[in-house]
Structures are given as structure tokens and as C-alpha cells.
Amino acid sequence: MANEAVTITVYGAETICASCVGAPSSKETYDWLEAAIGRKFPDRTFVMDYVDINTEQEDPKKAAFVERVWEEDLFYPVVLVEDEIVGEGNPRLKAVYKELEKYGFQTAE
């Protein structure tokens with residue numbers, strides 16, 4: 001598992017979550033996470049995926065999670081590492097990094 005790509009998915013929308021006024025947009029969060037993870041773990045392969053929760057999804061797994069975002073009133077953006085929610089609304093890098101470490105991510109020395 002040490003060299004397999006890990007998928008980080010950000011579910012969000014162009015409009016900022018009503019409960020997250022003042023927080024970065026979902027796309028800004030996506031870009032910020034991609035840059036921060038790349039700096040923290042430069043030797044690891046990861047895949048970033050952005051899913052617009054206001055767009056119909058062809059992938060049944062993504063469609064089901066979008067439905068969950070709406071049904072459970074999750075704060076978006078919702079950040080997943082593989083299938084584990086690691087943050088919603090204004091995610092914390094520490095939580096994302098902690099989950100990535102479970103997949104063998106280590107800081108470059």
C-alpha cells in the first residue's frame with residue numbers, strides 16, 4: 001500500500017455553505033488541500049477529485065454521497081480520504097494528514 005495512490009475527494013458547491021460564511025469556497029479548499037498535501041508529502045502519490053453537489057453525478061457512489069450531503073445537512077465542502085470523512089465546512093489539515101498517515105504517508109525528512 002506504500003506506493004498506491006490515495007484518493008482525496010472534496011464534495012462541494014460554488015456557493016458557500018450557509019453555515020460556513022467567511023470560510024473559503026469549496027474550490028478554494030480543494031486547491032488549498034492539493035497544495036498543502038503536495039508540500040507535506042512530496043514523495044507520495046495522491047489523486048484529488050472535486051465533486052459538485054449541485055450537478056447530477058453519473059457515478060453511483062458519488063451520487064449516493066451527494067444525496068447523503070443533502071439529507072444529513074453536512075457542511076460543505078466535505079473532504080474524504082478514500083471513503084472516510086475527515087472534515088466538513090472548514091476542514092483542518094491536521095485531520096487530513098492524520099488520515100493520510102494511516103495509508104503510509106510520512107513527512108519527507
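Residues numbered from 1 in each chain as written. Predicted model: local features only at pLDDT ≥ 70, side-chain atom pairs only at ≥ 80, totals over all residues. Heavy atoms only, no water.

## Some details on the side chain of Ser26
Defined as follows: For helices the rule is a DSSP run of H or I covering at least 4 residues; for strands it is a run of E covering at least 2, with both sets numbered from the N terminus onward. In the analysis that follows, any N or O atom pair within 3.5 Å is treated as a polar contact, provided that within protein one partner can donate a hydrogen and the other can accept it, and provided that, for residues neighboring in sequence, both atoms belong to side chains. For this analysis, residues touch if any pair of their heavy atoms sits within 4.5 Å.
Structurally, the position occupied by Ser26 is in helix H1 (residues 26–40). At 3.1 Å, the side chain of Ser26 and the backbone nitrogen of Ala13 are in polar contact. What Ser26 contacts, discounting residues up to four positions off in sequence, is Val10, Gly12, Ala13, Tyr50, Tyr76 and Pro77.

## Comments concerning the environment of Arg39
Here is the rule we go by: Note on classification: 1.4 Å probe, protein chains only; a residue is buried when its accessible area is under 20% of the maximum for its type, exposed when over 50%, partly exposed between these limits.
Mapped onto the secondary structure, Arg39 falls in helix H1. Arg39 sits in the exposed class, given a relative accessible area of 62%. Along the chain, Arg39 and Thr107 lie 68 residues apart, while their C-alpha atoms are 9.2 Å from each other.

## Some details on the packing of aromatic side chains
For any pair of aromatic rings, the description rests on two quantities: the centre-to-centre distance and the angle between the ring planes. To keep things clear, this is the line we draw: Here a pair means two rings of Phe, Tyr or Trp (six-membered ring of Trp) with centres within 6.5 Å. Their orientation is stacked below 30 degrees between planes, edge-to-face above 60, and tilted elsewhere.
Counting across every chain of the model gives 5 aromatic pairs. Measuring from ring centre to ring centre gives 5.9 Å for Tyr30 and Tyr50, while their planes differ by 75°; the resulting arrangement is edge-to-face. Here the residue Tyr30 occupies a position in helix H1, and Tyr50 occupies one in strand E2 (residues 46–52), the gap between them amounting to 20 residues. Take Tyr30 and Tyr50: they sit in the same class, and that class is buried. Taken together, a centroid distance of 5.5 Å and an interplanar angle of 90° make the contact between Phe41 and Tyr97 edge-to-face. Within this pair, whereas Phe41 is found in the loop between H1 and E2, its partner Tyr97 is found in helix H3 (residues 93–101), the two being separated by 56 residues in sequence. By relative accessible area, which is 13% here, Tyr97 ends up buried.

## Quick notes on the layout of surface pockets
Put simply, the rule reads: Buriedness of a pocket was judged along seven lines, with at least five required to meet protein on both sides within 12 Å; pockets are open sets of points on a 1 Å grid over the protein atoms alone, cavities are sets where a 1.4 Å probe fits but cannot get out, and lining residues have an atom within 4 Å of a point. Grid points are joined across faces, edges and corners, and a volume is the space filled by probe spheres set on the points. Charged means Asp, Glu, Lys or Arg here, nonpolar means Ala, Val, Leu, Ile, Met, Phe, Trp, Tyr, Cys or Pro, and polar covers whatever is left, Gly included.
Put simply, the largest pocket is a space of about 190 Å³. For the lining of the largest pocket, the secondary-structure elements that each account for two or more residues are strand E1 (6–12) and helix H2 (60–71). The residue inventory of the lining of the largest pocket, partitioned by class, reads 3 nonpolar, 2 polar and 6 charged.

## Brief notes about the confidence of the model for the chain
For the record, the criterion: Per-residue confidence from the predictor is reported as pLDDT, a score between 0 and 100.
In the predicted model, the chain carries a mean pLDDT of 90, and the fraction of residues at 70 or more is 91%. Across the chain, strand E3 (residues 78–81) holds the top mean pLDDT of 97, while H1 sits lowest at 94.

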